[in-house]
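Descriptive structure summary
Below, each chain spelled out in residue letters.
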Amino acid sequence: MSGLTVATALAAAVDGNILGPSTSVVYEPGKPHPMGLFYDLNEFEKGLDRASESFGEGFFHAVAVKANTLTSILKIIHRKGHGAECASICEVLHCMEVGFPPENIIFDSPVKTLPEIKFALEKGIHLNVDNFEELEEVSGVI
């Protein structure tokens, strides 16, 4: 669909009763509402490239999974050589299923459980340690 703009895609979604008009603010079950997800994939990939180019060699960029949960988007992030910053163990598991190697996953939950810490360390997943209590738990595992 060359020549399709975001505006025409949104208009088509509203016309096709997929999305409600942007003036809809009340949720009614079974009726369309103004929630949608549109990506300009070319621009998304260019943005990933710009991040890599801006910092040069030796920097590792991880994209927040909570803002990019779609499998197809995560595959682009992975293909472009970026990592995944995960705020929950579910996000970690999702990224592993998508194909991210453990060393390209950063587990950054502020409330990691001991089993989650053990799992991450056993798999070689990076941990962001958020407090001294968590540091003690990590130290007890290693």
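Above this text you will find the structure in question.
First, a word on what this report is: a plain description of the structure on this page. All values derive from a computational prediction rather than experimental measurement.

Thresholds applied
- Counting restarts for each chain, with residues numbered from 1 along the sequence as it is written.
- Only residues with pLDDT of at least 70 are given local features in this predicted model, and only at 80 or more are side-chain atom pairs given and counted; all residues enter the totals for whole chains, interfaces and linings.
- Each side-chain value is worked out from all heavy atoms of the structure, with water and hydrogens disregarded.
- Where helices are involved, their axes are fitted lines through C-alpha atoms of the stretch in contact, as for all axes, and angles between N-to-C directions lie from 0 to 180°.
- Where helices and strands are cited, they refer to DSSP runs of H or I of at least four residues and of E of at least two residues respectively, numbered from the N terminus.
- Here roughly perpendicular refers to angles of 65 to 115 degrees, roughly parallel to angles under 35, roughly antiparallel to angles over 145, and oblique to all remaining angles.
- It is the rotation of the near helix from the far one that decides the hand of a crossing: anticlockwise by less than a right angle makes it left-handed, clockwise makes it right-handed.
- By definition, residues are in contact when any of their heavy atoms lie within 4.5 Å.
- To form a nonpolar core, buried Ala, Val, Leu, Ile, Met, Phe, Trp, Tyr and Cys residues must be joined to one another through side-chain atoms within 4.5 Å.
- Only protein chains enter the area calculation, which uses a 1.4 Å probe; residues under 20% of their type maximum are buried, those over 50% are exposed, and those in between are partly exposed.
- Ring pairs shown here join Phe, Tyr and Trp side chains whose ring centres sit within 6.5 Å, with only the six-membered ring taken for Trp; geometry is labelled stacked below 30 degrees between planes, edge-to-face above 60, and tilted in between.
- Two limits define a charge over a ring: the Lys NZ or Arg CZ must be within 6 Å of the ring centre, and within 35 degrees of the ring normal.

1. Some points on the packing of helix H5 (residues 114–123) against helix H6 (residues 132–141)
Contact geometry for H5 and H6: axes closest at 10 Å, N-to-C directions at 50°. When the axis of H5 is compared with that of H6, the two are oblique. Where H5 crosses over H6, the two elements pack in a sense that is right-handed. Only Glu134, Glu137, Val138 and Val141 of H6 make contact with H5, whose side of the interface consists of Leu114, Ile117, Lys118 and Leu121.

2. Considering the nonpolar core
Core analysis: the largest hydrophobic core is formed by 22 residues, its most contacted members being Ile77, Cys95 and Phe100. Of all the secondary structure elements, the ones that give two or more residues to this core are helix H2 (41–55), helix H3 (71–79), strand E2 (83–86), helix H4 (89–98), strand E3 (105–107) and H5. For Phe100, the residues in contact, after removing those within four places along its chain, are Leu74, Ile77, His78, His82, Gly83, Ala84, Cys95 and Ile105.

3. Considerations on the packing of aromatic side chains
For the structure on display, the rule yields one aromatic pair. Centre to centre, the rings of Phe55 and Phe59 are 5.3 Å apart; their planes meet at 50°, and the pair counts as tilted. With a relative accessible area of 48%, Phe55 lands in the partly exposed category. Classification of Phe59 by relative accessible area gives exposed; the value is 52%. Its end group placed over the ring of Phe107, Lys112 keeps NZ or CZ at 5.7 Å from the ring centre.

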